[in-house]
Amino acid sequence: MDFNVKKLASDAGVFFSRAMQFTEEKLGQAEKTELDAHFENLLARADCTKNWTEKILRQTEVLLQPNPSARVEEFLYEKLDRKVPSRVTNGELLAQYMTEAANDFGPGTPYGKTLIKVGETERRLGAAERDFIHCASINFLTPLRNFLEGDWKTIAKERRILQNRRLDLDACKARLKKAKAAEAKAAAVPDFQETRPRNYVLSASASALWSDEVEKAEHELRLTQTEFDRQAEVTRLLLEGISSTHVNHLRCLHEFVESQTNYYAQCYQYMLDLQKQLGRFSGTFVGNAESTSPPPAAASPPALAAASLPAVPTIPVVPTVVGVPSTVAEAVLNPSEVKPPASGTRKARVLYDYEAADSTELALLADEMITVYSLPGMDPDWLIGERGNQKGKVPVTYLELLS
């Protein structure tokens, strides 16, 4: 082991000098070299970027993984440089429970069938969530972590070096100031009336010594000034690189928003498909009509919208039988035989694409305009739609009714 006593003593002296300078500055007993306004703005911008990047990173992690225990586990695996174990999402776990319950209740029963359908949708939602988390981690979290653990650590290191260079520079300025004051005092005109000439000799010798000390302090000041200027330029270049960091984070933010948009669009489409599937089988789950039918005050918005549409003449009611629709409109719908009302039909804009399930339904394309109206006794979630010579049932949830 190379143990250099001289270097150790020199480092200790430098540390002691910096500590004294820093303490005197805090106590207001020493002057401090101030950086220019542009440099101070760069420092403030860098600190602001670091602080907000940390907060955004932590909160995004909470959004993607709400379980704090799981976040701690992932953090430990990351620090140990080990692969994070695969973990099922809540949607996938719920899908597993629903499927197992359906098998116990009987997959052929109405409840079992519905559990299987909902479980399959939950599984698809869980898979979509997994893809979203993976995409967000790569495209958004990783660049933020790389900045904090890479570029920011380099900036912080160079700033510490700059701080030390500034303390050395101010300490040299203080030593030069003291040396000049002592030289001026020693160079004062001696008293030639002094009866002891030895005092004059000592005064001249002290003046020469302080002159040498001033030259030495000036030389050290030039060296430390050069080192400070060089370090200030290095630090300035790194701080100006924060602008490119903002550009990179902006691109990553766009990718995060895009992946989140795709995720929610997938979820919405999955739930629409599930709602459509469950709506087709609603006739098989007939129980107590009084207990299942909602009160008039709780009518859904689609029902109110359908109620406001003009109606065609009343269609005869078919006798109620369990499992059989109560109206001709619900039992059999032949689009070619349906006649629109004489006046008062409404226009509707299609919000989403819709694929017709059978010949009684009308396929839709997003943003197209169609004519719609309602039939008495018809399911309030459906309307009759017309596009040219084509007619068929259309779901209300896919439409924006226009006045």
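Keep in mind that this is a model prediction, so the values were computed, not measured.

The rules behind the values
- Residues numbered from 1 in each chain as written.
- Predicted model: local features only at pLDDT ≥ 70, side-chain atom pairs only at ≥ 80, totals over all residues.
- Heavy atoms only, no water.
- Helix = DSSP H or I, 4+ residues; strand = E, 2+ residues; numbered from the N terminus.
- Pairing = 2+ DSSP bridges.
- Axes fitted to C-alpha atoms, helices over the stretch in contact; angles between N-to-C directions.
- Buried < 20%, exposed > 50% of the residue type's maximum accessible area, 1.4 Å probe, protein only.
- Lys, Arg positive; Asp, Glu negative; His and termini not counted.
- Salt bridge = Lys/Arg side-chain N within 4 Å of Asp/Glu carboxyl O.
- Polar contact = N/O pair within 3.5 Å; in protein donor to acceptor, adjacent residues only side chain to side chain.
- Contact = heavy atoms within 4.5 Å.
- Phe/Tyr/Trp six-rings, centres within 6.5 Å; stacked < 30°, edge-to-face > 60°.
- Lys NZ or Arg CZ within 6 Å of the ring centre and 35° of its normal.
- Expected span 1.5 Å × (residues − 1).
- Core = buried A, V, L, I, M, F, W, Y, C linked by side-chain atoms within 4.5 Å.

1. Here we look at unusual backbone geometry
Stage number 1. At D367, a position not held by glycine, the phi torsion is positive, near 75 degrees.
Stage number 2. Mapped onto the elements of the fold, D367 is located in the loop between β1 (346-350) and β2 (369-373).

2. What to know about the pairing of β1
Stage number 1. Direction of pairing for β1 relative to β2: antiparallel, over a ladder of four bridges. By the bridge assignment, R349 is partnered in β2 with M369.
Stage number 2. Looking at chain direction, β1 and strand β5 (residues 399-401) are connected through three bridges and run antiparallel. Counted as the bridge partner of A348 is L401 from β5.

3. Quick look at the sheet that holds β5
Stage number 1. Reading across from one edge, β4-β3-β2-β1-β5 is the order of the five strands in this open sheet, with antiparallel pairing throughout. If you trace the sheet from one side to the other, it starts and ends with β4 (390-395) and β5, each paired once. Ignoring strand direction, the axes of neighbouring strands in this sheet form an average angle of 40 degrees.
Stage number 2. Bridging between strand β3 (residues 382-387) and β4 involves six bridges; their strand directions are antiparallel. In the sheet register, G385 faces β4, and the bridge partner there is G392.

4. Concerning the side chain of E158
Stage number 1. Mapped onto the elements, E158 comes out in helix α5 (residues 110-186).
Stage number 2. Buried charged residue E158 carries no salt bridge. Nearest counter-charge: K157, at 5.3 Å.
Stage number 3. A polar contact of 2.6 Å, which involves the side chain of E158, links it to the side chain of Q231.
Stage number 4. Excluding residues that lie within four positions of it along the chain, E158 makes contacts with Q231, V234, T235 and L238.

5. Here's the deal with the packing of aromatic side chains
Aromatic ring pairs are reported here in terms of the distance separating the ring centres and the angle at which the planes meet.
Stage number 1. Applying the stated criterion across every chain, the model contains 10 aromatic pairs.
Stage number 2. Between Y352 and Y398 the ring centres are 5.9 Å apart and the planes differ by 90 degrees, which places this aromatic pair in the edge-to-face class. You can see Y352 sitting in the loop between β1 and β2 and its partner Y398 sitting in the loop between β4 and β5, a full 46 residues away along the chain.
Stage number 3. For Y352, a relative accessible area of 30% gives the class partly exposed.
Stage number 4. One aromatic cluster is present, formed by F132, F140, F256, Y263 and Y264 through successive ring pairs.
Stage number 5. In this structure, K55 packs its charged tip against the face of W52, placed 4.5 Å from the ring centre.
Stage number 6. The ring of W382 has K393 sitting right over it, with the charged end atom 5.2 Å from the ring centre.

6. Quick word on helix α3 (residues 68-79)
Stage number 1. An ideal rise of 1.5 Å per residue puts 16 Å on 12 residues; α3 measures up with 17 Å between its terminal C-alpha atoms.
Stage number 2. Of the residues one or two after α3, D81 is the one with positive phi, at around 55 degrees.

7. Concerning the nonpolar core
Stage number 1. Membership of the largest hydrophobic core comes to 35 residues, with the highest contact counts inside it found for F132, F140, W152 and L239.
Stage number 2. Going through the elements one at a time, α2 (37-64), α5, α6 (198-240) and α7 (242-280) are the ones with two or more residues in this core.
Stage number 3. Element by element, the count of residues in this core is highest for α5, at 17 residues.
Stage number 4. With residues near it in sequence (within four places) discarded, F140 still touches I56, T60, C135, C252, L253 and F256.
Stage number 5. Among the nonpolar cores identified, the runner-up in size contains 18 residues, and Y354, L362, Y373 and L383 belong to it.

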